[in-house]
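What the coordinates show
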Number of protein chains: 2
Amino acid sequence: MSILIKNVLHSFRNEKVDIFVNNGKIEKIEKNLNLQADKVIDGTDKVLYPALSNMHTHAAMVLFKGYADDLKLMEWLQTKIWPIESKLTEEDVYWGTKFACLEMIKTGTTLFNDMYWHFDGCYKAVEEMGMRAILNAVMIDMFDEERQKFNEKRTLEIFDRYFNKNPLIKVGLGPHAVYTVSAKGLKFAAELREEKDTFIHIHLSETLTEVEDCVKKCGKRPPEYLDELGVLTDKTLLAHCIWLNPSEIELLAKRNSIAVHTPVSNMKLAVGGIMPKRELREHNVRICLGTDGAASNNNLDMTEEMKISAILQKWRNNDAEMPNAYDVVHRATEGFRVLGLKVGKLEEGDTADFILMKMHEIITPMHNPVSNFVYAASGTLTDTVICNGRVLMENGYVEGEEEIKENFFKTLNRLFNLT
Amino acid sequence: MSILIKNVLHSFRNEKVDIFVNNGKIEKIEKNLNLQADKVIDGTDKVLYPALSNMHTHAAMVLFKGYADDLKLMEWLQTKIWPIESKLTEEDVYWGTKFACLEMIKTGTTLFNDMYWHFDGCYKAVEEMGMRAILNAVMIDMFDEERQKFNEKRTLEIFDRYFNKNPLIKVGLGPHAVYTVSAKGLKFAAELREEKDTFIHIHLSETLTEVEDCVKKCGKRPPEYLDELGVLTDKTLLAHCIWLNPSEIELLAKRNSIAVHTPVSNMKLAVGGIMPKRELREHNVRICLGTDGAASNNNLDMTEEMKISAILQKWRNNDAEMPNAYDVVHRATEGFRVLGLKVGKLEEGDTADFILMKMHEIITPMHNPVSNFVYAASGTLTDTVICNGRVLMENGYVEGEEEIKENFFKTLNRLFNLT
């Protein structure tokens, strides 16, 4: 399918162009392109931006957005989140994930890296929505051998059923964290990852307690412990990465692992520290951005995450120059490059994952559209979304959204008597 | 004029109600109100929130949004902002302020506290837009006696022309800061404020350099210095308030002055510290929120400022419980109470400054609409804005907005060749 977008403001060039998309790629960017296309979109009064990648989330947790705010992390998990999660059915997760995809599409994200229960529900939802994702089979065994064995069995079944089934969806492994998964479980994940050449997505050094407990229990801090079990490679996505010391930053660099910065969740849950992003960059560690689940953010809007990550790191570095807006867009599109896709600068030959945003007072004037994207925009201004050369949203409308909303509300009603 | 809003979700009650507005007040809140009104608004699929107060900004600086980002504070001011500001005409500021008002209305703000050049242009713009504001006559003399005398003359002229002219616009004094205004200038402002019973709006302790230079020059830190000159009273709005020590917090409490928290600007410009909000609250100091100018934010969206202030303070306090969403809405509406108006909880008898937001995936589900306002919303979802019982925006449209945009772009074209 080919698409021709006429007269759109190219954010990186800050000039009006036409864009021709064919076979999933941006084939041509020129003024006044005279080409036939299956679909023509009028880009007048719209700005062309790259699509964003949300590299740490738990999509279906949109069900719990605003359900339990302003609580301490452990109280939040133990008294609110875990009890309600234990009641979730696969269908709940299916509708939750569909709704989360809707929120992500509506705010300009086409790729996300997930970790949640009820894999079948997640997979079906993402496939139907036409988005890209890394869906990771969750493993939590709480150091119980029976649960660990059960996890192995379930994970292998998931791989049998879904691995390499859909080119947009990568199936990976989601051992939750060092404090919830046994060494045996982590080793199993590392080995299966090698065999399948896929990703591991794990939480790392989010709180000081996690680090201290790991030292008490294993005699090592989490990164060293994970490395000994073979978890750290260039296919490891490490969420949070807050409490890292200099030798751990070097270790991540040596293994070429990927750190995922989640500033909003970290600040909202008051984890105390900040990811040492500058030091990680100085060691050439790849860095992505993520929102975390909507229960601790409370939205999945990556433009907001860009802004907050930028200003938090400037403030931490005591340097208004670093990072700059271009660096931040690079981080927010890094997920595509992790998957080997060229997305981020809107050049000819790039994979066609991009969005059009409506002009609005909050992103006007256009001295620098890239700067506006990071510091002024809201994802809610997204009007049109293209993923892999296919239209997922046009004029703010996603096909089938009424049905998704209706069923999402039914699910909420069943779980919480909330309509 | 009376307005009846039917079937809207009341954010604090989390239930659908009708709202009857008359003579600038919320007269009745009930289900199924059967009353005649001059205007009826359908609130279906909309959420009722209080309007917000932006208590530190330089509105016309929307002209420079994105013009000079990612620079150090002094480089930003000296090489970019001040040179271009010196070229501004009154008409430029008039259209800049009108456009800023448009952005504020479109994102749910009906009151702002401003400090900018070309007072006549600012005043005319705000009056025409029908918003509330405290407009403060800027004073910068750089310790030059001639300039100080000129400031006195100009300020008195402004008061002659505009003081008490419009019930929605309070005319106040804007001596810029201790490093830009002489003691004589500050004293003049303090005395005129007493005479007129109005406000002083001043920057305070934004950077450590400001504090150190003040100590070097005057032998005192800025709060003590200002207090000796009579500047600190219960009618003093102090923007930033970052580098405060415990005795200065006590001093602010004693004088009942008002601290304005501006987290986004402070982080973006990398001023290093954070306002000690918890300590100020412990001393019952009144606290407002503000965006600062759009050149250092880069938008005027107070919902974003609410979220960032909340998560930054939780993180700083190392306490996920504090502040909570209700505290934050209270701060974001404190500006109204500074003016003696009851706005913030949407109760019968309140002054009718409120907004309706469109339902959107990013603020769904409605476990807690107040929580959604602070942690999930974007101001761009604002659909309808009522200020002092008058409709400023309906269905996302502000009367006359085309003309404002056209002239704003003409101004940008003249100043920057930007269209």
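Everything numeric here is computed off the predicted structure, so don't read it as measured data.

Moving on to the overall build of chain A. Looking only at helices and strands, chain A has 15 helices and 16 strands in total. What you see for chain A is a C-alpha radius of gyration of 21 Å, in line with the 22 Å of a compact globule of 419 residues. Dimensions along the principal axes, computed over C-alpha positions, put chain A at roughly 65 × 50 × 40 Å. Burial statistics for chain A: of 419 residues in total, 66% are counted as buried. Counted over contacts in chain A with a minimum sequence separation of 6, partners at least 24 positions apart contribute 72%.

Turning to the pairing of strand β15 (residues 382-387) of chain A, a few remarks are in order. Residues and elements named next belong to chain A. Where burial is concerned, most of β15 is hidden: 6 out of the 6 residues are buried. Pairing between strand β14 (residues 354-358) and β15: 4 bridges, direction antiparallel. Note that in β15 the partner of Phe354 across the bridge is Ile386. Two strands pair when backbone bridges link them, and β15 and strand β16 (residues 390-393) are joined in this way by 3 bridges, in the antiparallel orientation. Bridge assignment links Cys387 to a residue of β16, and that residue is Arg390. Between β15 and β16, which pair antiparallel in sequence order, lie 2 residues; one of them, Asn388, sits at a positive phi of approximately 55°.

At their nearest, the axes of helix α11 (residues 302-317) of chain A and helix α11 (residues 302-317) of chain B sit 12 Å apart, and the two run at 50° to each other. Between α11(A) and α11(B), the interaxial angle falls into the category oblique. Along this stretch, α11(A) crosses α11(B), giving a crossing that reads as right-handed. In this structure, α11(A) contributes Glu304(A), Lys307(A), Ile308(A), Ile311(A) and Trp315(A) to the contact, and α11(B) contributes Glu304(B), Lys307(B), Ile308(B), Ile311(B) and Trp315(B).

If pLDDT is low for a region, its predicted coordinates should not be looked at in detail. In the predicted model, chain A carries a mean pLDDT of 97, and the fraction of residues at 70 or more is 100%. Confidence estimates for the predicted assembly give a pTM of 0.98 and an ipTM of 0.97.

Once that is clear, we can look at empty space enclosed by the protein. Counted by the stated rule, this structure contains 5 cavities of 30 Å³ or more. Its boundaries defined by the atoms lining it, the largest cavity holds a volume of some 70 Å³. Lining of the largest cavity is provided by Asp301(A), Thr303(A), Glu304(A), Ala377(A), Ser378(A), Asp301(B), Thr303(B), Glu304(B), Ala377(B) and Ser378(B). Residue assignment for the lining of the largest cavity shows that the elements contributing at least two residues are α11 of chain A together with α11 of chain B. Among the residues making up the lining of the largest cavity, the classes are represented as 2 nonpolar, 4 polar and 4 charged.

This brings us to the domain arrangement of chain A. For an interface, size is often stated in terms of accessible area lost upon the parts coming together. Residues and elements named next belong to chain A. Split into domains, chain A comes out as domain 1 (2-50 + 350-397) and domain 2 (52-338). On a C-alpha basis, the centres of domain 1 and domain 2 stand 29 Å from each other. Contacts between domain 1 and domain 2 engage 25 residues on the former and 26 residues on the latter. Roughly 1,900 Å² is buried in total at the junction of domain 1 and domain 2, and carbon and sulfur atoms are behind 67% of that figure. Our enumeration of links across domain 1 and domain 2 arrives at 1 salt bridge. The shortest N-O distance in the salt bridge between Asp353 and Arg132 comes to 2.8 Å. Contributing elements (two or more residues each) for the side of domain 1 that touches domain 2: β14, α14 (369-375), β15 and β16. Looking at the side of domain 1 that touches domain 2 residue by residue, the class counts come to 14 nonpolar, 9 polar and 2 charged.

Residue and element names in this part refer to chain B. Put simply, Asn297 and Asn298 share a cis peptide bond, and its omega is 15°. With respect to the helices, strands and loops of the structure, Asn298 is situated in the loop between β13 (286-289) and α11. A cis amide bond links Met322 with the next residue in sequence, Pro323, at an omega value of -5°. One can find Pro323 in the loop between α11 and α12 (325-332). Of note in this structure, Asn7 is not a glycine but carries a positive phi near 60°. Among the structural elements, Asn7 can be located in strand β1 (residues 2-10).

Moving on, we get to the interface of chain B and chain A. The partner chain A presents 66 residues to the 66 residues of chain B that form the contact. A buried area of about 5,200 Å², summed over both sides, lies between chain B and chain A, and 62% of it is on carbon and sulfur atoms. When residues of chain B are sorted by the area they lose upon contact with chain A, Trp315(B), Glu361(B) and His367(B) head the list and together hold 16% of the total. Here chain B is connected to chain A by 10 salt bridges. With a shortest N-O distance of 3.5 Å, Lys405(A) and Glu361(B) are connected by a salt bridge. Between chain B and chain A we count 36 residue pairs in polar contact (both at pLDDT 80 or more) in total.

Summed over the entire model, instances satisfying the criterion amount to 70 salt bridges over all chains. Note that Asp18(A) is salt-bridged to Lys6(A), the shortest N-O span being 2.5 Å. Note that Asp18(A) is positioned in strand β2 (residues 15-22) and Lys6(A) in strand β1 (residues 2-10), a separation of 12 residues in sequence. Asp18(A) sits in the buried class, given a relative accessible area of 3%. Looking at Lys6(A), the relative accessible area reads 26%, which means it is partly exposed. Counted as one network, the salt bridges with shared partners bring together Lys106(A), Glu401(A), Lys405(A) and Glu361(B).

All names here are of chain A. One can find His56 in strand β6 (residues 52-57). Exposure remark for His56: the relative accessible area of 0% places this residue in the buried category. At a separation of 2.8 Å, a polar atom in the side chain of His56 contacts the side chain of His201.

Calculation rules
- Residues numbered from 1 in each chain as written.
- Chains lettered and ligands numbered in written order.
- Predicted model: local features only at pLDDT ≥ 70, side-chain atom pairs only at ≥ 80, totals over all residues.
- Heavy atoms only, no water.
- Helix = DSSP H or I, 4+ residues; strand = E, 2+ residues; numbered from the N terminus.
- Rg over C-alpha atoms; globule rule 2.2 N^0.38 Å.
- Buried < 20%, exposed > 50% of the residue type's maximum accessible area, 1.4 Å probe, protein only.
- Contact = heavy atoms within 4.5 Å.
- Pairing = 2+ DSSP bridges.
- Axes fitted to C-alpha atoms, helices over the stretch in contact; angles between N-to-C directions.
- Parallel < 35°, antiparallel > 145°, perpendicular 65-115°, else oblique.
- Left-handed = near helix turned anticlockwise from the far one by under 90°.
- pLDDT = per-residue confidence, 0-100.
- 1 Å grid on protein atoms, 1.4 Å probe; cavity = no way out; pocket = protein on both sides within 12 Å on 5 of 7 lines; lining within 4 Å.
- Points joined across faces, edges and corners; volume = space filled by probe spheres on them.
- Nonpolar A, V, L, I, M, F, W, Y, C, P; charged D, E, K, R; others polar.
- Domains from an automatic or database assignment.
- Buried area = accessible area lost by both parts, 1.4 Å probe.
- Salt bridge = Lys/Arg side-chain N within 4 Å of Asp/Glu carboxyl O.
- Polar contact = N/O pair within 3.5 Å; in protein donor to acceptor, adjacent residues only side chain to side chain.

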